[in-house]
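# An overview of the molecular structure
Take a look at the letters that make up each chain.
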Amino acid sequence: MRASLRQKILEVCDRKISEKGPAVGVSFYAFFANRNDDPELLMEAAEWWIRTHRLDHFEKAAKIRTMIEGMDLG
């Protein structure tokens, strides 16, 4: 996963948790604008979310944050 996508996910999860509390859910669509201006990045997020981890459509932001923090970047 690109560093820029990883950082964006962390920022969005932090913001959502801050605004709505630790039980807030997110979808991978939360990391993108309403228009599809970067389809490759969207597919990268979808691949990680759906194929790699087989996550539900909505997951707890805290869970996603923990998963992203624990990723091996090497």
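Let us look at the structure shown here. (Residues numbered from 1 in each chain as written. Predicted model: local features only at pLDDT ≥ 70, side-chain atom pairs only at ≥ 80, totals over all residues. Heavy atoms only, no water.)

Assigned secondary structure in the protein chain consists of three helices and two strands. Starting at the N terminus and ending at the C terminus, the protein chain contains elements arranged as α-β-α-β-α. Computed over the C-alpha atoms, the radius of gyration of the protein chain is 12 Å, within 12% of the 11 Å expected from 2.2 N^0.38 for a compact globule of 74 residues. Across the 74 residues in the protein chain, those meeting the buried criterion constitute 35%. (Helix = DSSP H or I, 4+ residues; strand = E, 2+ residues; numbered from the N terminus. Rg over C-alpha atoms; globule rule 2.2 N^0.38 Å. Buried < 20%, exposed > 50% of the residue type's maximum accessible area, 1.4 Å probe, protein only.)

Generally speaking, a soluble globular protein has its nonpolar side chains buried in company with each other. Judged by nonpolar contacts, the single largest core of 21 residues is most densely connected at Phe31, Trp49 and Ile64. Taken together, the elements giving at least two residues each to this core come down to helix 1 (3-20), helix 2 (39-52) and helix 3 (61-69). When residues in this core are grouped by element, the largest group, six residues, is from helix 2. (Core = buried A, V, L, I, M, F, W, Y, C linked by side-chain atoms within 4.5 Å.)

Any functional reading would require information beyond the geometric quantities listed.
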